[in-house]
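Commentary on secondary and tertiary structure
Take a look at the letters that make up each chain.
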Amino acid sequence: MTVTTPVPPAPLAARVATVGGSPIRDILAVTARPEVINFAGGLPAPELFDTDGIAAAFAHVLAADPQRALQYSTTEGEPALREALAARNTARSLPTTADDLLITTGSQQALSLLATALIEPGDTVLVEDPCYLAALQAFGLAGARIVPVPCDADGIDPDALDALAAEHRPKFLYTVPTFQNPTGRTLPAERRAAVARVAARRGLWIVEDDPYGELRFEGERVPWIASYEDARDRTVLLGSFSKVMAPGLRLGWLRAPAALRRACAVAKQAADLHTPTVTQLAAARYLADRDLDAHVAKVAAAYGSRRDAMLAGIAEALPEGSTWTRPEGGMFLWARLPGTGAYDSTALLGKAVEYEVAYVPGDPFHIADSDSTTLRLCFVTQTPEEIAEGLRRLGRALMN
């Protein structure tokens, strides 16, 4: 009898090992104990979900037309949902038709579709510094060379963007201009106009991700970059129900010029054929029967009080000399500890968990130069009382 030595199967793709997993997901797995006050995750407050309204919407579509609700659908998305979303965009001064939109399985899928449609291995992509982690994953898996654009307290520096676009000839700029993740900052209108002008001058696509824009507590709404004349033919606007309705629905959308939208639809056909029909129809029914704007206003008011609770206690929690942002909306506050080596937020996370509180170290959000003095705090998941207690625990952890 001949004995054969098994040959190992082919190795995994190099890009998987290179990109790696999400540090936030790793932290959440470690800090899942209920006694831990967790400022690490970007999790909407579950007690604020409109569970009755969502349940009623699902019940309606399953009772009224179950065969359609449970059947395959078109890749582009259900017309009723696209029509409703187009109307919401148009009401916010961005004229949109249903045909301008592609429904995605969460806006995270939109990033993957755009990476597939736009990025060849080795292409350059410009991103904010620091940047949303899952975007870095999506672009890295596509083989992109990721170059950070210098930012200040207001966001992207348009002059730096112009210089980098001229030097690297990138495929696109990725930005979260309103209540950015992780910093919470918002790009002012004059800079949005400048970014649009750079994109037109340098032949640059803009991917404008807006998952948090409706969660404004104070100040005036700033127009989308997509609404500026210089950017209208080159901006992809991403939206999501995750932060305003419920993340478990996994419903997002992209608004893009026709040729790029069609390319994303082809990529989506290869990925999942279409976003679940029943979920799309339920969301469309919810928008028809319920006042989403009123619900969002309620959520934003609650989140505003939670932000205030974090701002009220953070000075005592962090060492003297620390600084932090004061976001006008969204979900996140960004803090910087003092010194160039006295405090390392990555090294201190373990001690914080011992005190039953957690945050996300800022270092993974940076692309080029590391910054171990920064950290991100999510202020929406806990009540004001829990936030106050969590900050007391954090203060004890950082001071001991």
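A short tour of the structure in this document, coming up.

The rules behind these values
Residues numbered from 1 in each chain as written. Predicted model: local features only at pLDDT ≥ 70, side-chain atom pairs only at ≥ 80, totals over all residues. Heavy atoms only, no water. Helix = DSSP H or I, 4+ residues; strand = E, 2+ residues; numbered from the N terminus. Buried < 20%, exposed > 50% of the residue type's maximum accessible area, 1.4 Å probe, protein only. Contact = heavy atoms within 4.5 Å. Areas by Shrake-Rupley, 256 points an atom, 1.4 Å probe, with all protein chains shown as cover. Lys, Arg positive; Asp, Glu negative; His and termini not counted. Charge placed at Lys NZ, Arg CZ, Asp CG, Glu CD. Salt bridge = Lys/Arg side-chain N within 4 Å of Asp/Glu carboxyl O. Polar contact = N/O pair within 3.5 Å; in protein donor to acceptor, adjacent residues only side chain to side chain. Pairing = 2+ DSSP bridges. Expected span 1.5 Å × (residues − 1). 1 Å grid on protein atoms, 1.4 Å probe; cavity = no way out; pocket = protein on both sides within 12 Å on 5 of 7 lines; lining within 4 Å. Points joined across faces, edges and corners; volume = space filled by probe spheres on them. Axes fitted to C-alpha atoms, helices over the stretch in contact; angles between N-to-C directions. Left-handed = near helix turned anticlockwise from the far one by under 90°.

A count of helices and strands for the chain gives 14 helices and 15 strands. Along the first, second and third principal axes, the C-alpha atoms of the chain reach 70 × 60 × 60 Å. When burial is assessed residue by residue, the chain has 54% of its 400 residues classed as buried. Pairs at least 24 apart in sequence give 74% of the contacts found in the chain among residues at least 6 apart. About 17,500 Å² of surface is accessible on the chain, with carbon and sulfur atoms providing 54% of the total. If you average the places of the 38 positive and of the 48 negative side-chain charges in the chain, the two averages end up 3 Å apart.

Looking now at the pattern of salt bridges. Across all of its chains, the model carries 26 salt bridges by this definition. A salt bridge links Arg290 to Asp50; its shortest N-O distance comes to 3.9 Å. Of this pair, Arg290 sits in the loop between helix H11 (277–289) and helix H12 (292–317) while Asp50 sits in the loop between strand E1 (37–38) and helix H3 (51–64); the two residues are 240 residues apart in sequence, bridging distant segments of the chain. Judged by its relative accessible area of 37%, Arg290 is partly exposed. Residue Asp162 is joined to Arg202 by a salt bridge in which the shortest nitrogen-to-oxygen separation is 2.8 Å. A residue pair is termed long-range when its members are at least 10 positions apart, and Asp162 in helix H8 (residues 158–168) and Arg202 in helix H9 (residues 189–202) qualify at 40 residues.

Tracing the backbone through its elements, the reader meets Arg234 in the loop between strand E8 (205–209) and strand E9 (235–240). Polar side-chain contacts of Arg234 include one of 3.2 Å to the backbone oxygen of Ala199. The residues contacting Arg234, other than those within four sequence positions of it, are Ala199, Ala200, Gly203, Leu204, Trp205, Ile206 and Pro257.

Think of a sheet as strands paired side by side through backbone hydrogen bonds, with each pair either parallel or antiparallel. The strand order E11-E12-E15-E14 describes an open sheet built from four strands, whose pairing is antiparallel. Bordering the open sheet on either side are strand E11 (323–324) and strand E14 (360–361), each of which pairs with just one other strand. With five bridges connecting them, strand E12 (residues 332–336) and strand E15 (residues 374–378) associate as antiparallel partners. If you follow Leu333 over to E15, its bridge partner there is Leu377.

Our next topic: H12. Here H12 spans 36 Å end to end across 26 residues, near enough to the 38 Å set by a 1.5 Å rise per residue. Capping the start of H12, Asp291 holds a side-chain oxygen 3.2 Å from the backbone nitrogen of Asp293, two or three residues further along.

Inspection of every chain in the model, using the stated rule, returns two cavities of 30 Å³ or more. In this model, the largest cavity occupies a volume close to 40 Å³. Lining of the largest cavity is provided by Pro44, Ala45, Leu48, Phe49, Ser242, Lys243, Val244, Met245, His295, Val299 and Tyr303. There is about 30 Å³ of room inside the second largest cavity.

Okay, the environment of Arg192 next. Considering the arrangement of structural elements, one finds Arg192 in helix H9. Remark: the alpha-carbon pair of Arg192 and Ala267, spanning 75 residues in sequence, is separated by 29 Å. In this structure Arg192 touches Pro177, Thr178, Thr186, Leu187, Glu208, Val222, Pro223, Trp224, Ile225 and Tyr228, once residues within four positions along its chain are discounted. Of the polar contacts made by the side chain of Arg192, one reaches the backbone oxygen of Leu187; its length is 2.7 Å.

With that settled, consider the environment of Tyr212. Its location among the elements puts Tyr212 in the loop between E8 and E9. Taking C-alpha positions, Tyr212 is 9.5 Å from Gly184, a pair spaced 28 residues apart along the chain. Not counting residues up to four positions away in its chain, the partners in contact with Tyr212 are Val176, Thr178, Phe179, Asn181, Lys243, Gly330, Met331 and Phe332. A distance of 3.1 Å separates polar atoms of two side chains, one belonging to Tyr212 and the other to Asn181.

Glancing now at the packing of H3 against H11. Orientation of H3 relative to H11, taken along the N-to-C sense of each, is 115°, at an axis distance of 8 Å. The hand of the H3/H11 crossing is right-handed. Counted together, Gly53, Ile54, Ala57, Phe58, His60, Val61 and Leu62 of H3 and Val278, Thr279, Leu281, Ala282, Arg285 and Tyr286 of H11 form the full contact between these two elements.

Nothing here speaks to function; it is all geometry.
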